[in-house]
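Descriptive structure summary
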Amino acid sequence: MQLYIGNKNYSSWSMRPWLLLKQFEIPFEEIMVRFDAFTPESQFKQRINKITPTGRVPVLVHDELVVWDTFAIVETLAELFPQLALWPRNIAARARARSICAEIHSGFTALRNHCPVNIETTFPEVGARLMQENSDVQTDLKRIISMWQSALSQSKGPFLFGDYSIADAFYAPVVTRIRTYVLPVPEDVAAYCQRIFDTNSMRTWVRDALEEKQYVAEDELYRSKRD
Ligand SMILES: N[C@@H](CCC(=O)N[C@@H](CS)C(=O)NCC(=O)O)C(=O)O
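Scoring rules and cut-offs
Counting restarts for each chain, with residues numbered from 1 along the sequence as it is written. Local features in this predicted model are restricted to residues whose pLDDT is 70 or higher, and side-chain atom pairs enter the listing and the counts only when it is 80 or higher, whereas totals over whole chains, interfaces and linings include all residues. Just so you know, side-chain values use all the structure's heavy atoms and leave hydrogens and water out. Note on method: axes are straight lines fitted to C-alpha atoms, helices fitted across the in-contact stretch only, with angles between N-to-C directions ranging 0 to 180 degrees. Only DSSP runs of H or I with at least four residues qualify as helices, and only runs of E with at least two residues qualify as strands; both kinds are numbered from the N terminus onward. For classification, angles of less than 35 degrees are called roughly parallel, those exceeding 145 degrees roughly antiparallel, those between 65 and 115 degrees roughly perpendicular, and all remaining angles oblique. Crossing handedness follows the turn of the near helix against the far one: under a right angle anticlockwise gives a left-handed crossing, and clockwise gives a right-handed one. For this analysis, residues touch if any pair of their heavy atoms sits within 4.5 Å. Here the term charged refers only to Asp, Glu, Lys and Arg, the term nonpolar to Ala, Val, Leu, Ile, Met, Phe, Trp, Tyr, Cys and Pro, and the term polar to all other amino acids, Gly among them. Criterion for a disulfide: a pair of cysteine sulfur atoms at a distance within 2.5 Å. Whether two aromatic rings pair depends on their centres lying within 6.5 Å, for rings of Phe, Tyr and Trp, where Trp uses its six-membered ring; planes under 30 degrees apart make the pair stacked, over 60 edge-to-face, and the rest tilted. For the exposure calls, accessible area comes from a 1.4 Å probe over protein chains only, and a residue counts as buried if that area is under 20% of its type's maximum, exposed if over 50%, partly exposed in between. Whether a charge lies above a ring is judged from NZ of Lys or CZ of Arg, which has to be within 6 Å of the ring centre and within 35 degrees of the ring normal.

1. With respect to the packing of helix 7 (residues 135–154) against helix 8 (residues 166–180)
- Orientation of helix 7 relative to helix 8, taken along the N-to-C sense of each, is 120°, at an axis distance of 13 Å. If you check the angle between helix 7 and helix 8, you find them oblique. Both helix 7 and helix 8 take part in a crossing whose hand is left-handed. Here Leu141, Ile144, Met147 and Trp148 of helix 7 lie close against helix 8, whose contacting residues are Tyr171, Val174, Val175 and Ile178.
- The class makeup of the residues in the contact of helix 7 with helix 8 is eight nonpolar, no polar and no charged.

The following block contains the structure:
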């Protein structure tokens with residue numbers, strides 16, 4: 001099984017299935033297609049277009065199967081490994097987990113657009129300004145806080161639905177955004193973020209991201225070069 005991903009410092013969508021595979025110790029080969037630009041002639045597009053019709057990462061390749069788009073990838077993994085509880089086992093919890101994953105897959109565009117993932121740096125001033133001036137970012141963050149608090153209040157374990165599940169992997173990039181932009185969150189939410197940072201999968205992803213040291217202009221809203 002192979003997972004095509006982009007730069008670990010930047011690629012929020014790649015992070016999700018990668019963390020899931022690592023967290024559940026599913027063996028896979030990681031193939032990094034480095035970002036240079038996203039123009040048709042970029043090396044990234046030249047390489048990834050040979051694998052997927054969307055020209056985007058992540059992509060899962062398993063035997064003859066090519067699966068693109070994060071939601072399709074995690075659903076396929078859940079089907080391939082039914083013995084592992086990638087989704088919560090309980091039907092009601094699973095429905096809630098799916099709902100919140102769908103919510104970020106199709107929404108939270110203000111938070112995602114204004115606060116792109118950038119693990120190696122911090123932008124406290126940008127975060128403070130957005131929290132003052134951008135009501136859409138505030139609304140997104142507020143909804144995520146209440147969603148996590150509601151899940152955690154019913155959870156019988158350290159993660160959103162008890163044990164680690166697809167839902168935690170789906171929100172892991174938000175956890176990094178909260179840190180990068182120093183977004184204000186209540187204590188219980190900060191503690192959940194720390195538990196995510198403490199997982200082996202996340203530690204490894206962050207360590208690899210910090211080792212990349214590659215500045216990609218198209219993924220940078222707030223830096224003109226690497227500091
Ligand atoms: N809906 C897709 C989004 C994938 C996506 O946008 N990936 C970014 C990297 S995080 C990408 O490949 N961008 C290339 C581009 O925008 O051309 C998914 O869920 O996997």
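2. Considering the state of the cysteines
- According to the stated counting rule, one finds zero disulfides in the structure shown.
- Cysteine Cys101 is unpaired, with the sulfur of Cys193 as its nearest cysteine sulfur at 16 Å.
- Looking at the unpaired Cys115, the closest cysteine sulfur is the one in Cys193, lying at 13 Å.

3. A word on the packing of aromatic side chains
- In total, this model carries 15 aromatic pairs according to the counting rule given.
- When the centroid spacing of 5.3 Å and the interplanar angle of 80° are considered together, the rings of Phe159 and Tyr164 count as edge-to-face.
- Overall, the relative accessible area of 10% leaves Phe159 in the buried class.
- On the basis of relative accessible area, Tyr164 is assigned to the buried category, the value being 6%.
- Where Tyr181 meets Tyr222, the ring centres are 6.2 Å apart and the plane angle is 75°; that geometry is what we call edge-to-face. In this pair, Tyr181 is assigned in the loop between helix 8 and helix 9 (187–197) and Tyr222 in the segment after helix 10 (200–212), connecting sequence segments 41 residues apart.
- Tyr181 gets classed as buried once you look at its relative accessible area, which sits at 0%.
- Stacked on the ring of Trp13, the Lys or Arg Arg16 has its end atom at 3.9 Å from the ring centre.

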